[in-house]
Amino acid sequence: MPARRRLLAAAVTAAACLATQALTATAATATDEVVSRGVTIPAFYNPPTTLPAANGTIVRSEPLPLALSLPSLHGPLPGTATRLMYKSTDSNGKPVAVTGAYIEPTARWKGGGPRPLVALAPGTLGQGDQCAASMGLEHPLSFNGETVSVGYEDLSVYRLLAKGAAVVVTDYAGLGATDRLHTYVDRVDEAHAVLDAVRAARSLGGASVTTASPVGLFGYSQGGGATAAAAELQSSYAPDVTLAGTYAGAPPADLAEVTKAIDGSELAGALGWSLNGFLQSDPELRPIAEAHLNAAGKAALADLSTMCVGDALFGYGYAKSTKWTTDGRSISEIIAATPALKTYLDGQRIGRLKPSGPVRLATGVSDNLVPHGQSRDLAVDWCRKGADVTYKPVVLPNVGSALLNHFAPLLTDQGDAIDWLTDRLSGERATSNCWSLPVQP
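Quick notes on the rules
Residues numbered from 1 in each chain as written. Predicted model: local features only at pLDDT ≥ 70, side-chain atom pairs only at ≥ 80, totals over all residues. Heavy atoms only, no water. Helix = DSSP H or I, 4+ residues; strand = E, 2+ residues; numbered from the N terminus. Rg over C-alpha atoms; globule rule 2.2 N^0.38 Å. Buried < 20%, exposed > 50% of the residue type's maximum accessible area, 1.4 Å probe, protein only. Areas by Shrake-Rupley, 256 points an atom, 1.4 Å probe, with all protein chains shown as cover. Lys, Arg positive; Asp, Glu negative; His and termini not counted. Charge placed at Lys NZ, Arg CZ, Asp CG, Glu CD. Polar contact = N/O pair within 3.5 Å; in protein donor to acceptor, adjacent residues only side chain to side chain. Pairing = 2+ DSSP bridges. Axes fitted to C-alpha atoms, helices over the stretch in contact; angles between N-to-C directions. Contact = heavy atoms within 4.5 Å. 1 Å grid on protein atoms, 1.4 Å probe; cavity = no way out; pocket = protein on both sides within 12 Å on 5 of 7 lines; lining within 4 Å. Points joined across faces, edges and corners; volume = space filled by probe spheres on them. Nonpolar A, V, L, I, M, F, W, Y, C, P; charged D, E, K, R; others polar. Disulfide = S-S within 2.5 Å. pLDDT = per-residue confidence, 0-100. Salt bridge = Lys/Arg side-chain N within 4 Å of Asp/Glu carboxyl O. Phe/Tyr/Trp six-rings, centres within 6.5 Å; stacked < 30°, edge-to-face > 60°. Expected span 1.5 Å × (residues − 1). Bend = angle between axes of the 7 residues up to and from the residue.

A short note on the overall build of the chain
Piece 1. Scanning the chain from terminus to terminus reveals 14 helices and 13 strands.
Piece 2. Here the chain has a C-alpha radius of gyration of 20 Å; the compact-globule value for 441 residues is 22 Å, and the two agree.
Piece 3. Relative to its 441 residues, the chain shows a buried fraction of 62%.
Piece 4. In the form shown here, the chain has an accessible surface area of approximately 16200 Å², with 57% of it arising from carbon and sulfur atoms.
Piece 5. On the chain, the mean spot of the 34 positive side-chain charges and the mean spot of the 39 negative ones are 5 Å from each other.

Next comes the structure, spelled out in structure tokens:
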């Protein structure tokens, strides 16, 4: 299939299971109006100057209208949503405001014990504030001629709510909140945002979940990396949050390998989001970027900082980073030759710590966007540490599109992943299959 037709096919599929929105990197106060690619960000998303001391403390909340909602005898289906802003801590130890949403389900929890809580970590949305998952619940499909957004995570949210589990969705640091750039795939920022979302949900007035509620984590792709990192950091960062189970689908555990894979792919724009995030987290890397990026590369990073998945598919699909550098080397080659960059990416590696609680790790065997091999290596690393791992290779054919190879397992495995997590939340013990890894693809 020609490249243009492959890109169109990937984009159409992504419109059904992806999201696209955009960001502003300028700080804002609660009274400032922030407009990103023609979308006015609600003032709710502008963090205050001062944040509470305790992680997970709610800064503000308000009702969140769900676009996909039906009346019923027992209340609106699938539930009643609240928009949240809560305090977290970033990878530099500094306070950060994170937004998200809590949904109280109408469905009754049929498992044993109290109603459980699932913290959902969204997959890649881009770096645009208007692409935040919490906004996608209110506007599942938004198009204004400058940007397009599809709230593709709504599907997994609604499926979990149908089980009777309460759901809290994090927008991550800087995605939604208008005071900083989204630190895309920063494992510490994302893990903290996920764990603090649990704390925020449990303290929300009117919520049925409490500290006695079982807690599960659910995420795919960027979200899979976030939940994997959260399971690793739970014992040190959030010992008050006991995990009944964690689903980590297609986790980007080794960013050096993922960087190679996305370069030149349909989602090459994610390379720009990664670089922007790295520079946000560690400004000391900026002189290196200035030295190696040419005018086209710097313009691409600036442009991508206000893009989301759909925009990046059409604007930077199949782009090669060799066109962005001063000497024609790829970003991966520059990383490999630059100790500071290698050290930074090494610090982002997931798999060096034992995760808390049982974990289900799924990866498509044909996934060459978030490469199957590095996800499988994470399962091996965890098993060697004695973790309770259910490894699930999703066997699907290579269809010739890296984007489709990556997102097909999301849809085909999602039901089984939700069932596995529901069993953990019901108190059923997981059965690790680490013993079978030597014969698993």
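A word on the side chain of His182
Piece 1. Considering the arrangement of structural elements, one finds His182 in the loop between strand E9 (166–173) and helix H4 (187–203).
Piece 2. A distance of 2.9 Å separates a polar side-chain atom of His182 from the backbone oxygen of Ala173.

Brief notes about the side chain of Thr147
Piece 1. You can see Thr147 is positioned in the loop between strand E7 (141–143) and strand E8 (148–150).
Piece 2. There is a polar contact of 2.7 Å between the side chain of Thr147 and the side chain of Asp311.

Considerations on the sheet that holds strand E3 (residues 58–64)
Piece 1. With mixed pairing, nine strands are arranged side by side in an open sheet as E3-E4-E5-E9-E6-E10-E11-E12-E13. Among the strands making up the open sheet, the edge pair consists of E3 and strand E13 (389–394). Adjacent strand axes in the sheet meet at a mean angle of 20°, parallel and antiparallel pairs treated alike.
Piece 2. In terms of strand pairing, strand E10 (residues 215–220) meets strand E11 (residues 243–249) through six bridges, oriented parallel. Each residue of the ladder has a partner; that of Val215, found in E11, is Leu243.
Piece 3. In this fold helix H5 (residues 222–237) packs onto strand E4 (79–89), strand E6 (117–121), E9, E10 and E11, with an angle of close to 145° to the strand it touches most, E10.
Piece 4. Where helix H14 (residues 402–425) meets the sheet, it contacts E6, E10, E11, strand E12 (359–364) and E13, and its direction lies at approximately 175° from that of E10.

Things to note about empty space enclosed by the protein
Piece 1. All told, the structure shown has five cavities of 30 Å³ or more when counted by the stated rule.
Piece 2. The wall of the largest cavity is formed by 14 residues, among which Leu275, Ile288, Ala289, Ile331 and Leu341 lie closest to the centre.
Piece 3. Elements that contribute at least two residues to the lining of the largest cavity include exactly helix H7 (269–281), helix H8 (286–292), helix H11 (331–337) and helix H12 (339–347).
Piece 4. For the lining of the largest cavity, the per-class residue count stands at 12 nonpolar, two polar and no charged.
Piece 5. As for the second largest cavity, its lining consists of 18 residues, of which Tyr184, Val258, Ile262, Ala270 and Val370 are closest to the centre.
Piece 6. Those elements that provide at least two residues to the lining of the second largest cavity are helix H6 (255–262), H7 and H14.
Piece 7. A per-element tally of the lining of the second largest cavity places H6 first, with four residues.
Piece 8. Considering only residue class, the lining of the second largest cavity consists of 12 nonpolar, six polar and no charged.

Some words on the state of the cysteines
Here, the word disulfide means a covalent bond between the sulfur atoms of two cysteines.
Piece 1. Scanning the entire structure with this criterion turns up two disulfides.
Piece 2. Between Cys131 and Cys308 runs a disulfide, and the two sulfur atoms are separated by 1.9 Å. Its torsion about the S-S bond being 110°, the disulfide of Cys131 and Cys308 is classed as right-handed. With Cys131 in the loop between E6 and helix H2 (133–138) and Cys308 in the loop between helix H9 (295–304) and helix H10 (309–316), this residue pair connects regions lying 177 residues apart in the sequence.
Piece 3. Between the sulfur of Cys383 and that of Cys434 lies a disulfide, 2.0 Å long from S to S. When the S-S torsion is -80°, as for the bridge of Cys383 with Cys434, the disulfide is left-handed.

Here's the deal with helix H3 (residues 154–162)
Piece 1. Buried residues of H3: Asp154, Ser156, Val157, Tyr158, Leu160 and Leu161, and no others.
Piece 2. Residues of H3 that are buried make contact with strand E5 (95–105), E6, H2, E9, E10 and H14.
Piece 3. Gly164 sits one or two residues past H3 and shows a positive phi near 95°.

As for the confidence of the model for the chain
Piece 1. Residues of the chain with pLDDT of at least 70 account for 93%, and the chain-wide mean is 91.
Piece 2. Under a pLDDT of 50 for its full length, residues 1–29 has, in the predicted model, 102 contacts with residues more than four places off or in other chains.

Considering the pattern of salt bridges
Opposite charge on two side chains lets them pair, provided their charged atoms get close.
Piece 1. All told, the structure shown has 15 salt bridges when counted by the stated rule.
Piece 2. A salt bridge links Arg83 to Glu62; the nearest nitrogen and oxygen atoms lie 2.9 Å apart. You can see Arg83 sitting in strand E4 and its partner Glu62 sitting in strand E3, a full 21 residues away along the chain.
Piece 3. Taking relative accessible area as the criterion, Glu62 reaches 28% and is therefore assigned partly exposed.
Piece 4. Linking Arg83 and Glu138 is a salt bridge whose minimum nitrogen-to-oxygen distance equals 3.0 Å. Of this pair, Arg83 sits in strand E4 while Glu138 is found in helix H2, placing the two residues 55 residues apart along the sequence.
Piece 5. Glu138 sits in the partly exposed class, given a relative accessible area of 21%.
Piece 6. Connected through salt bridges with shared partners, the residues Asp196, Arg199, Arg202 and Asp240 form a single ionic network.

Side note on the packing of aromatic side chains
A ring pair, where both rings are aromatic, is described by two values, the distance of the centres and the angle of the planes.
Piece 1. Inspection of every chain in the model, using the stated rule, returns six aromatic pairs.
Piece 2. Taking 4.7 Å as the distance between ring centres and 40° as the angle between the ring planes, the aromatic pair formed by Phe218 and Tyr247 counts as tilted. Remark: Tyr247 occurs in strand E11 and Phe218 occurs in strand E10; sequence separation between them is 29 residues. By the burial criterion, Phe218 is buried, and Tyr247 matches it.

Things to note about H14
Piece 1. For H14, which comprises 24 residues, the first-to-last C-alpha distance of 34 Å matches the rise-based estimate of 34 Å (1.5 Å per residue) to within 8%.
Piece 2. Asp413 marks where H14 bends most, by close to 50°.
Piece 3. Burial analysis of H14 places 18 of its 24 residues in the buried class, the great majority of the element.

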